[in-house]
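Breakdown of the fold
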Amino acid sequence: MVENNVMDLVEKGLMLPLMEEFYTIQGEGFHKGTAAYFIRVGGCDVGCHWCDVKESWNAETHPPTAIESIISNAEKYSDTIVITGGEPLTWDMGPLTEGLKAKKMKTHIETSGAYPLTGVWDWICLSPKKNKLPVGDVHQKADELKVIVYNKHDFIFAEEQAAQVGGNCILYLQPEWSVRDKMVPLIVDYVMQHPKWKVSLQTHKYLNIP
Ligand SMILES: C[S@@+](CC[C@H](N)C(=O)[O-])C[C@H]1O[C@@H](n2cnc3c(N)ncnc32)[C@H](O)[C@@H]1O
Ligand SMILES: Nc1nc2[nH]cc(C(=O)O)c2c(=O)[nH]1
Ligand code: SF4
Ligand SMILES: [Mg+2]
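For the chain, the name recorded in an unreviewed UniProt entry is 7-carboxy-7-deazaguanine synthase, with Flagellimonas sediminis as its organism. If you open the UniProt record of the chain and go to Pathway (unreviewed entry), you find "Purine metabolism; 7-cyano-7-deazaguanine biosynthesis." We quote the UniProt Function (unreviewed entry) comment for the chain here in full: "Catalyzes the complex heterocyclic radical-mediated conversion of 6-carboxy-5,6,7,8-tetrahydropterin (CPH4) to 7-carboxy-7-deazaguanine (CDG), a step common to the biosynthetic pathways of all 7-deazapurine-containing compounds."

Every residue near ligand 3 is listed here: Cys44, Val46, Gly47, Cys48, Cys51, Trp57, Gly86, Ser112 and Lys129. Of the residues contributing to the shell around ligand 3, the split by class is five nonpolar, three polar and one charged.

Taken together, the neighbourhood of ligand 1 is formed by 21 residues, with Trp50, Gly86, Ser127, Lys129 and Glu176 sitting nearest. Between Glu176 and ligand 1, the recorded distance is 2.7 Å, taken from a side-chain N or O atom to a nitrogen atom. For ligand 1, the accessible surface in isolation is 540 Å², of which the surrounding protein chains cover 94%. At the level of secondary structure, the elements contributing two or more residues to the shell around ligand 1 comprise strand E4 (80–85), strand E5 (106–111), strand E7 (144–149) and strand E8 (170–175).

Turning next to helix H6 (residues 180–193). Given a rise of 1.5 Å per residue, 14 residues ought to cover 20 Å, and the 19 Å separating the end C-alpha atoms of H6 matches this to within 8%. Every buried residue of H6 is accounted for by Met183, Ile187, Tyr190 and Val191. Taken end-on, H6 shows its buried residues confined to a sector of 95°, consistent with a single buried face. Away from the buried face of H6 by more than 90 degrees, exposed residues Asp181, Lys182, Met192 and Gln193 are located. Along its buried surface, H6 packs onto E7, helix H5 (153–162), E8 and strand E9 (197–199).

Here we take up the UniProt feature "binding site: S-adenosyl-L-methionine" (unreviewed entry) in the chain. When the UniProt feature table is mapped to this numbering, "binding site: S-adenosyl-L-methionine" (unreviewed entry) covers Trp50, Cys51, Asp52, Gly86, Ser127, Pro128 and Lys129. The residue Cys51 is located in the loop between strand E2 (35–41) and strand E3 (64–66) in this model. Here Asp52 is to be found in the loop between E2 and E3. Other than its neighbours up to four places away in sequence, Asp52 contacts Gln202 and Lys205.

The next point concerns the pattern of salt bridges. Tallying each qualifying case throughout the model produces 12 salt bridges. Each of Glu28, Glu110 and Lys146 takes part in salt bridges that share partners, so that together they form one network.

Moving on to the packing of aromatic side chains. Taken as a whole, this structure holds six aromatic pairs when the rule is applied. Each ring, one from Phe22 and one from Phe38, has its centre 5.3 Å from the other, and the planes form 20°; the classification is stacked. Separated by 16 residues along the polypeptide, Phe22 in strand E1 (residues 15–25) and Phe38 in strand E2 bring together distant segments of the chain. This pair shows no difference in class: Phe22 is buried, exactly as Phe38 is. Both rings, one in Phe155 and one in Tyr190, keep their centres 4.7 Å apart while their planes meet at 25°; by these two values the pair is stacked. In this pair, Phe155 sits in helix H5 while Tyr190 sits in helix H6, placing the two residues 35 residues apart along the sequence. Like Tyr190, Phe155 is buried. Ring-pair connections join several aromatic residues into one group, and the members of that group are Tyr23, Tyr37 and Tyr77. Just above the ring of Trp177 sits the side chain of Arg180; from NZ or CZ to the centre is 3.6 Å.

Let's shift gears to the UniProt feature "binding site: substrate" (unreviewed entry) in the chain. Taken from the UniProt record, the annotation "binding site: substrate" (unreviewed entry) applies to Ile25, Gln26, Gly27, Arg40, Thr84 and Pro210. Residue placement: Gln26 occurs in the loop between E1 and E2. Along the chain, Pro210 turns up in the segment after helix H7 (203–207).

Here is what the cut-offs are and how they apply
- Residues numbered from 1 in each chain as written.
- Chains lettered and ligands numbered in written order.
- Predicted model: local features only at pLDDT ≥ 70, side-chain atom pairs only at ≥ 80, totals over all residues.
- Heavy atoms only, no water.
- UniProt positions renumbered as here; feature names shortened; annotations may be inferred.
- Near = heavy atom within 4 Å.
- Nonpolar A, V, L, I, M, F, W, Y, C, P; charged D, E, K, R; others polar.
- Polar contact = N/O pair within 3.5 Å; in protein donor to acceptor, adjacent residues only side chain to side chain.
- Areas by Shrake-Rupley, 256 points an atom, 1.4 Å probe, with all protein chains shown as cover.
- Helix = DSSP H or I, 4+ residues; strand = E, 2+ residues; numbered from the N terminus.
- Expected span 1.5 Å × (residues − 1).
- Buried < 20%, exposed > 50% of the residue type's maximum accessible area, 1.4 Å probe, protein only.
- Arc of directions from axis to C-beta.
- Contact = heavy atoms within 4.5 Å.
- Salt bridge = Lys/Arg side-chain N within 4 Å of Asp/Glu carboxyl O.
- Phe/Tyr/Trp six-rings, centres within 6.5 Å; stacked < 30°, edge-to-face > 60°.
- Lys NZ or Arg CZ within 6 Å of the ring centre and 35° of its normal.

Right, dumping it as structure tokens:
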């Protein structure tokens, strides 16, 4: 009986499978260098082979957690909250983000866009994936587009994705971590030839912070 109730609350976005929550420095994209509180939800079925947080994929291994508890922890650390995962849009982000906004916090999302956009956001980072392309209106709503570059074809994919975002969306190319030595020179050259793009690095990994 309790199990059904929890599943119902997760379904409604009132509980979320919480993998981790941590106060750190945003390492990627437009807000890199900014102190922020990260909420990492479990669950993702997109299946990027190079995903650097594969332990997030199985939602059942992460405890369903009441959003009230998540919100009260967050407000102790920062007014800038980054919700990531796993794929946060697997779940209804409405209740959590409304609760954070009610406390005057800024809500940022890291998403593949593979599920419909829910929630109230101050900043949407869209990192599209070939396996499961973005759906709905997330391209138009994205504040930044961050394409991970694992091989040369990803430059073509990046342009296809860039063609779908709004005019003010900031464009980033980010080397896939395991092949960064090979891809960084190609990214540098590409950005110099196509200056609408910027380079994003996973600076937290160089800083050795979470
Ligand atoms: C772990 S994902 C979670 C959020 C969401 N599922 C997504 O993919 O945007 C957070 C960010 O890390 C990026 N990322 C994941 N694995 C990476 C890797 N091995 N190298 C570089 N970036 C990576 C993703 O593209 C995304 O921008
Ligand atoms: N410091 C830090 N910055 C990040 N930006 C995006 C991250 C993510 O995993 O979503 C991340 C992360 O895991 N750590
Ligand atoms: S969508 Fe994000 S969390 Fe899911 S596999 Fe890809 S990088 Fe990992
Ligand atoms: Mg990360």
